[in-house]
Amino acid sequence: ECELFRLSFLYTVPRYLVFSVTGESGMGKSALLRQFRSIAAEQDAITLITDRYQLAADPSLTILQTLDCLADQLKAAGTPLTVFQEQYAHYLSFTKAAAQDPEAPGPWLGLVGGQHDADPWARQAWDAYLARRLPHRAMIELVKAPTKVLTETFVRELNAWSMVRRFVICFD
């Protein structure tokens, strides 16, 4: 696997864009990813890594936390995802305020997790609350569908950077 990974850097468009490393616990997946990281560094590629221990247990937040972890590493490497980080900061700020707002129609996590989708009254109450609290339609969309909006922004910005830098992203 290491030689195939190393060879992929020789091509303008690599033959393999995804290397999937799977298997049972303890068989050396993390060690192989460390080798991949070392090979990538030799090729001047920015290597990002995230693992399950960096994430909260709440599955509705896992994707956002993973993107944020990767964005922090990109920023440290000199390739910031500025729009993503601004949007994520706005999202966190609003959800923190909503969680403490006695006028909020319920727990904001229910909004993100889609728990209110089946209840038209709850959905209507949240829609009215968001319309009062947020100035722009884009902000409302961000709060109602953060995974969709932030993932699209992350990928768009990462694609722009990939025109000038190579990246290796490892999910351990």
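Residues numbered from 1 in each chain as written. Predicted model: local features only at pLDDT ≥ 70, side-chain atom pairs only at ≥ 80, totals over all residues. Heavy atoms only, no water.

Undergrad: What's the story with the pairing of strand 1 (residues 46–50) in this structure? I'm lost.
TA: Note on strand geometry: in a regular strand, side chains alternate between the two faces of the sheet. With four of five residues buried, strand 1 is to be regarded as a mostly interior element. In the sheet, strand 1 pairs with strand 2 (residues 167–171) via five bridges, with the strands oriented parallel. Among the inter-strand pairings, Leu48 is bridged to a residue of strand 2, identified as Ile169. (Buried < 20%, exposed > 50% of the residue type's maximum accessible area, 1.4 Å probe, protein only. Helix = DSSP H or I, 4+ residues; strand = E, 2+ residues; numbered from the N terminus. Pairing = 2+ DSSP bridges.)

Undergrad: When you look at the confidence of the model for the protein in this model, what are you seeing that I'm missing?
TA: Any segment with low pLDDT has predicted coordinates that should not be analysed in fine detail. For the protein, the average pLDDT comes to 84, and 87% of its residues sit at 70 or higher. No element of the protein has a lower mean pLDDT than helix 5 (residues 108–112), which averages 65, and none a higher one than helix 8 (residues 146–161), which averages 94. (pLDDT = per-residue confidence, 0-100.)

Undergrad: Explain helix 2 (residues 29–42) here, please?
TA: Residue pairs three or four apart in sequence face the same way in an α-helix, which turns once every 3.6 residues. Its 14 residues give helix 2 an end-to-end C-alpha distance of 20 Å, which sits within 8% of 20 Å, the value for a rise of 1.5 Å per residue. Tucked inside the fold, the buried residues of helix 2 contact helix 1 (2–8), strand 1 and strand 2. Once helix 2 finishes, Asp44 follows within two positions and takes phi at roughly 60°, a positive value. (Expected span 1.5 Å × (residues − 1). Contact = heavy atoms within 4.5 Å.)

Undergrad: In this structure, what is going on with the pattern of salt bridges? I would like to understand it.
TA: Pairing is possible between side chains of opposite charge, provided their charged atoms come close. Under the defined criterion, the tally for this structure stands at seven salt bridges. We note a salt bridge from Lys148 to Glu152, for which the minimum N-O separation is 3.3 Å. A residue pair is termed a helical-turn pair when its members lie 3 or 4 positions apart in one helix, as Lys148 and Glu152 do in helix 8 at four residues. By relative accessible area, which is 40% here, Glu152 ends up partly exposed. Connected through shared salt-bridge partners, Glu3, Arg6 and Glu42 make up one network. (Salt bridge = Lys/Arg side-chain N within 4 Å of Asp/Glu carboxyl O.)

Undergrad: Help me out: how do you make sense of the packing of helix 7 (residues 137–144) against helix 8 in this one?
TA: Helices that pack against each other are described as a pair by the angle of their axes relative to one another and the distance between those axes. Running from N to C, helix 7 and helix 8 point in directions that differ by 110°, and their axes come no closer than 5 Å. By the angle between their directions, the pair helix 7 and helix 8 is classed as roughly perpendicular. Of helix 8, the residues touching helix 7 (which contributes Glu141, Leu142, Val143 and Lys144) are Pro146, Lys148, Val149 and Leu150. Considered class by class, the residues forming the contact of helix 7 with helix 8 number five nonpolar, no polar and three charged. (Axes fitted to C-alpha atoms, helices over the stretch in contact; angles between N-to-C directions. Parallel < 35°, antiparallel > 145°, perpendicular 65-115°, else oblique. Nonpolar A, V, L, I, M, F, W, Y, C, P; charged D, E, K, R; others polar.)

Undergrad: How do you make sense of unusual backbone geometry when you look at a structure like this?
TA: Leaving glycine aside, a negative phi is the common case for residues, and trans is the common case for peptide bonds. Even without being a glycine, Asp44 presents a positive backbone phi close to 60°. Along the chain, Asp44 turns up in the loop between helix 2 and strand 1. Judged by its relative accessible area of 54%, Asp44 falls in the exposed class.

Undergrad: Would you mind showing me how to read the packing of helix 4 (residues 82–100) against helix 8 here?
TA: Axis separation between helix 4 and helix 8 bottoms out at 8 Å; the angle between their running directions is 160°. Here helix 4 lies roughly antiparallel to helix 8, going by the angle between them. As for how helix 4 packs across helix 8, the hand of that crossing is left-handed. Residues Thr82, Val83, Phe84, Gln87, Tyr88 and Tyr91 of helix 4 pack against Pro146, Val149, Leu150, Thr153, Phe154 and Glu157 of helix 8. Here the contact of helix 4 with helix 8 is built from residues that sort into eight nonpolar, three polar and one charged. (Left-handed = near helix turned anticlockwise from the far one by under 90°.)

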